[in-house]
Amino acid sequence: MKKIAKENLPKLFAEVSAAMDLFTPVKMADVTNWGLWDDSRVADLDTLKTVKSPKDVFFPQCQTLYMVHHDDNGFEISPMKLTEKPFCVFGIRPCDVKALTVMDQVFLNQEPVDTFYKARREHAVLVSLACHKPAQTCFCKVFGTDAAAPDADVAMWKIDEFFYLEAQTEKGTAWLDQFADAFEDAEGAGDKIAKEQDSIRSIVESLPYTHLSLEGWGPGKVEEKFNDPHWKELSDACLACGTCTFVCPTCQCYDIKDFNTGHGIQRYRCWDSCMYSDFTLMAAANNRLTQMQRYRQRFMHKLVYFPENNNGLYMCVGCGRCVDKCPQALNIVKVIKTMGKENADV
Amino acid sequence: MSEECLCHNDKYVRDALIPQIGIIQKITQETPDVRSFQVIKPGGGKLIDQMPGQCAMICAPGIGEAMFSITSSPTVKEYNEFSIKECGELTTYLHGLHEGDQILVRGPYGNHFPVEDKFKGKNLLFIAGGIGLAPLRSVINYCLAHREDYGTINILYGSRSKKDLVKLEEIQNVWEKAPNTNVYLTIDREDPEWNGHVGFVPTYLKEVGFDTDLTAIICGPPIMIKFCLQGLTELGFSKEQVYTTLELRMKCGIGKCGRCNIGTKYVCKDGPVFRCDQIDELPQEY
Ligand SMILES: Cc1cc2nc3c(=O)[nH]c(=O)nc-3n(C[C@H](O)[C@H](O)[C@H](O)COP(=O)(O)OP(=O)(O)OC[C@H]3O[C@@H](n4cnc5c(N)ncnc54)[C@H](O)[C@@H]3O)c2cc1C
Ligand code: SF4
Ligand code: SF4
Ligand code: FES
């Protein structure tokens, strides 16, 4: 176990960023999002939830796949280089770490592997911060995440004005060793941390959605849930703005497009949203014509289709971002409650 | 970077989303709005080894990328052929290309018709409408190339008019002359240049009245598929005997962009070929 005083973090960050890219939550114009740290930026480790999740770091909102140049001899294809150097993601929260394992199912664990994502996953050192003040909208426990015990290369807790760090993988140990000078030894801090964990867990117990039941969802429920009459009323107010999909750490739909740079064609991919009406539009037809169908797709994917295809793993980690951000207060909690079982008293 | 760099390790193969360069070696005007493109590697030779029914993504950089069936049979070793209907931005651009021009191609994608097991030894009935012949042509030619593995081959194909029949020359010169093969052609409306059958495919299907010992494969516009299925059911076919392909909008072709699912199935990966009883198990969203 190591520790570092809060006031010494900028020094640590300077050292880390001299050795490797360092991503932290940074506050700009009152909004905290993930960004590349440099000494002009202040890391914001107090804000519980970044607006957009750190999926950006692994699966960027916009990412060039390859360039095509054209001359008299024809085309030349230049694939973009994959990430080749280690980098650090500092302060990622437990639910967002869990979300990476959900995305791994799509991009890593199912052929063909997405090499762009794989290279980033393999080169990342995750330093995950426990959630000392979980919010009313958090329900990570429902999906098996323990907000008090980050499951990453390095687990980190903030107690008083100190950050305590413990390596949990070889990669994590190597990272702590690499920057050993920045840390103080904290053997014997175990009790302190255990006490803090108890406190976190008791807050989690008291959160309004913590005991949400998933009964009625999951594998085998395709027909029953698809035909549930509640979708209509639940989706009536949906604006099709796509906010829920963009802030979600597990939404992985993408589009692939062209950009003419003037010197060549960039083929890039960018996040897309199943909530948009042109997502499935074709010349002769569109298999999802109404917002009800699109809204149903998003939640059926997360709560039924994905678990059916992935041994029961849900495509939601309970981060609560869509609960916070949907302008119409239509969110996954409402869906789970309305159509699930045993939620009458929640 | 040092030699240890993971990216230069075999673990990182070229990403599936990155295409290869293809050269258009031959263009055939099939109908007023369908052209076929034979595509080869820059140095010559076949670009993609595929099974009948599989597709590939064709990209014109700066214009777009879309999925097309590989219409040539796997037994054709020299090139891959695509029959493309002009209907939008990319397809119009492709129609403007010339022999010798380059395109980008990636694939093969999707599953294929079960020519190696379920179809073996069976009497087959192919039913196609319009450009729907494209995916079936690869199966038909595959079966004809392995003639002894299959029973009677029946082909029922229709289009709006005579000039809208894709690959008519091949149909008349090769398929109609193949052993133990029956070809039934039809067009929607009377045409002075046509002395064959006139009428919609589903109606013709019922008129001919095929035996129920056939395995049927249908491809064409959704409405035609629907009425052909009804027709086959009336003739006594069960859904386990009927195969078709589904077509949804696609971007990645590899089950990751999240665009082409029907329930738990991704049409790009788990399809495009489905048996009709399997389709019945999917949510009604196609
Ligand atoms: C598995 C599969 C196999 C296919 N095989 C063939 C084939 O062998 N020959 C052939 O001509 N076409 C085939 N298609 C259809 C082909 O992909 C579309 O015609 C093509 O995407 C249209 O692109 P575009 O840029 O010309 O049209 P756009 O300019 O993109 O659009 C014109 C219209 O086509 C729509 N569109 C976009 N994607 C599709 C799509 N996948 N299917 C239908 N409409 C679409 C657009 O929404 C728009 O309304 C196949 C499609 C799939 C999914
Ligand atoms: S669905 Fe909502 S609560 Fe669940 S992971 Fe996505 S944004 Fe978070
Ligand atoms: S559910 Fe809410 S956030 Fe999502 S698209 Fe509809 S209105 Fe926007
Ligand atoms: S086309 Fe991307 S998932 Fe099928």
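Keep in mind the model is a prediction, meaning the values are calculated, not measured. Residue numbering note: each chain is counted from 1, following its sequence as written. Throughout, the order in which chains and ligands are written sets their labels, letters from A for the former and numbers from 1 for the latter. Confidence filtering applies because this is a predicted model: local features only for residues at pLDDT of at least 70, side-chain atom pairs given and counted only at 80 or more, and all residues used for totals across whole chains, interfaces and linings. With hydrogens and water stripped out, all remaining heavy atoms of the structure feed into the side-chain values.

**What about the site of ligand 2?**
All names here are of chain A. What counts, and what does not: We call a residue near a molecule or strand as soon as one heavy atom of that residue lies within 4 Å of the molecule or strand. For the purposes of this entry, the term helix denotes a DSSP run of H or I that reaches at least four residues, the term strand denotes a run of E that reaches at least two, and both are numbered from the N terminus. For this scheme, ten residues count as nonpolar: Ala, Val, Leu, Ile, Met, Phe, Trp, Tyr, Cys and Pro. Four count as charged, namely Asp, Glu, Lys and Arg, and the remainder, Gly too, count as polar.
Close contacts around ligand 2 come from 13 residues, with C248, C316, C319, G320 and C322 the closest. Elements supplying a minimum of two residues to the shell around ligand 2: α10 (291–309) and α11 (321–325). Here the residues of the shell around ligand 2 sort into eight nonpolar, two polar and three charged.

**Quick notes on the packing of aromatic side chains**
The way to describe two aromatic rings as a pair is by their centre distance and the angle between their planes. Residue and element names in this part refer to chain A. Selection criterion: In this scheme Phe, Tyr and Trp rings, the latter by its six-membered ring, pair at centre separations within 6.5 Å, and the angle between planes marks the pair as stacked below 30 degrees, edge-to-face above 60, and tilted otherwise. The buried label applies to any residue whose accessible area, calculated with a 1.4 Å probe on protein chains only, is under 20% of its type's maximum; exposed applies above 50%, and partly exposed to all values in between.
Tallying each qualifying case throughout the model produces 24 aromatic pairs over all chains. Arranged with centres 5.0 Å apart and planes meeting at 75°, the rings of F13 and F90 form a pair that is edge-to-face. Of this pair, F13 sits in helix α1 (residues 9–19) while F90 sits in strand β6 (residues 87–92), and the two are 77 residues apart along the sequence. According to the relative accessible area criterion, F13 is buried, its value standing at 3%. By relative accessible area, which is 1% here, F90 ends up buried.

**A word on unusual backbone geometry**
Residues and elements named next belong to chain A. The amide bond that connects E111 to the next residue, P112, takes the cis arrangement and shows omega of -10°. By the element assignment, P112 lies in the loop between α3 (94–107) and α4 (115–123). A positive phi angle is found at N311, which is not glycine, with a value near 50°. Of note, N311 is situated in the loop between α10 and α11.

**Here we look at the domain arrangement of chain A**
All names here are of chain A. We count it as follows: Just so you know, the domain bounds were taken from an automatic or database domain assignment. Put simply, buried area is how much 1.4 Å-probe accessible surface two parts lose in total, over both of them, once they are put together.
According to the domain assignment, chain A consists of domain 1 (2–59 + 84–206) and domain 2 (222–253 + 272–339). Between the C-alpha centres of domain 1 and domain 2 there is a distance of 28 Å. Approximately 2,000 Å² of surface area, both sides summed, lies buried where domain 1 meets domain 2, with 66% of it carried by carbon and sulfur atoms. Interface area lost by domain 1 to domain 2 is led by V102, F139 and F143, which between them contribute 29%.

**Points about the pattern of salt bridges**
Residue and element names in this part refer to chain A. For the record, the criterion: By definition, a salt bridge exists where a carboxyl oxygen of Asp or Glu is found within 4 Å of a side-chain nitrogen of Lys or Arg.
Scanning the model with the defined rule gives 33 salt bridges over all chains in all. Among the ionic pairs, D185 bridges to K2, the shortest N-O distance being 3.1 Å. Of this pair, D185 sits in strand β10 (residues 184–185) while K2 sits in strand β1 (residues 2–5), and the two are 183 residues apart along the sequence. What makes D185 exposed here is its relative accessible area of 51%. The partner of D96 in a salt bridge is R321, with the nearest N and O atoms 2.8 Å apart. One end of the pair, D96, is in helix α3; the other, R321, is in helix α11, and 225 residues separate them in sequence. Considered together, D96 and R321 belong to a single accessibility category, that of buried residues.

**Considering the interface of chain A and chain B**
Operational definition: By the convention used here, residues are in contact when the closest approach between their heavy atoms is within 4.5 Å. Two N or O atoms count as a polar contact when they lie within 3.5 Å, although within protein this holds only if one can serve as hydrogen donor and the other as acceptor, and sequence-adjacent residues are included solely when both atoms are side-chain atoms.
Contacts between chain A and chain B engage 51 residues on the former and 47 residues on the latter. Taken together, the two surfaces of chain A and chain B that pack against each other cover about 4,100 Å², and 57% of this comes from carbon and sulfur. Where chain A meets chain B, there are six salt bridges. Between R288 of chain A and E285 of chain B there is a salt bridge, with its nearest N and O atoms 3.2 Å apart. Between chain A and chain B we count 21 residue pairs in polar contact (both at pLDDT 80 or more) in total. If you list the elements that add at least two residues to the side of chain A that touches chain B, you get β4 (62–71), β5 (74–79), α3, α4, α7 (222–226), β11 (254–260), β12 (265–271) and α10 of chain A. The element contributing the most residues to the side of chain A that touches chain B is α10 of chain A, with seven residues.

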